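Summary of the model geometry
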Amino acid sequence: MDLEARNTPPSVKAGLLAKLREYKSDLNNLKSELKRISAPNARQTTKEELLESGMADTLAVSTDQRGRLMMTTERLNQSTDRIKESRRTMLETEELGVSILQDLHQQRQSLLHAHDTLHGVDDNVGKSKKILSAMSKRMDRNKWIIGGIISALVVAILIILYFKLAH
């Protein structure tokens, strides 16, 4: 019971430890009383006390001891019930924790998949940028070539016209 009480949440632990100390104290008192009664000299003394006090005192003491025993048994039963309830709560909490960890694992997997997908998209965007840049350079080069060809044709036409008109 001591180990169970120490493993409970702090809010419940103090109450359980206090009751456990009470039970230990009651148990030690009962043990010492048992030793006192079971000792040889104590038996003789106890017998004499019983004979002197009469049957009424014997019944009162017996009833008092029985009452204390019933009270102690009831406390033990209540503690057992509380420990069972704490254990049940602990198992429910553990199940909840496992469920949360599984959800977190699934979310982590989703995030890793999204991360990989984004890296793939980023790579594709980089390749597309390089292709578009190369196409732009080719377009500029083709413009210069066409411009050069047009200029050469204009110059050739002007030279042909000059020689035709000049002769």
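Residues numbered from 1 in each chain as written. Predicted model: local features only at pLDDT ≥ 70, side-chain atom pairs only at ≥ 80, totals over all residues. Heavy atoms only, no water.

Applicable threshold: UniProt positions are given in the numbering used here, feature names are shortened, and annotations may be inferred rather than shown by experiment.
In the annotation of an unreviewed UniProt entry, the entry for the protein chain reads Vesicle transport v-SNARE N-terminal domain-containing protein, and the organism field reads Aegilops tauschii subsp. strangulata. In its Subcellular location (unreviewed entry) section, the UniProt entry covering the protein chain states "Endomembrane system".

1. Concerning the overall build of the protein chain
Short version of the rule: Counting from the N terminus, the helices are DSSP H or I runs at least four residues long and the strands are E runs at least two residues long. Buried, partly exposed and exposed residues are distinguished by accessible area as a fraction of the type maximum, computed with a 1.4 Å probe on protein chains only: under 20%, between the cut-offs, and over 50%, respectively.
Along the protein chain, the regular secondary structure elements total 3 helices and 0 strands. Reading the secondary structure of the protein chain in the N-to-C direction produces α-α-α. Taken over 167 residues, the protein chain has a buried fraction of 7%.

2. Some points on the UniProt feature "transmembrane region" (unreviewed entry) in the protein chain
In the numbering used here, UniProt assigns the feature "transmembrane region" (unreviewed entry) to residues 144-163. Secondary structure content for residues 144-163 is 100% helix and 0% strand, while the C-alpha to C-alpha distance between its ends is 28 Å.

3. Remarks on the environment of Glu85
Applicable threshold: The term polar contact refers here to a pair of N or O atoms within 3.5 Å; inside protein, the definition further demands a hydrogen-donor-capable atom paired with an acceptor-capable atom, and it admits residues adjacent in sequence only when both atoms are side-chain atoms.
Counting through the fold element by element, Glu85 comes out in helix 3 (residues 40-166). Here Arg88 takes part through its side chain, which lies 2.3 Å from a polar atom of the side chain of Glu85.

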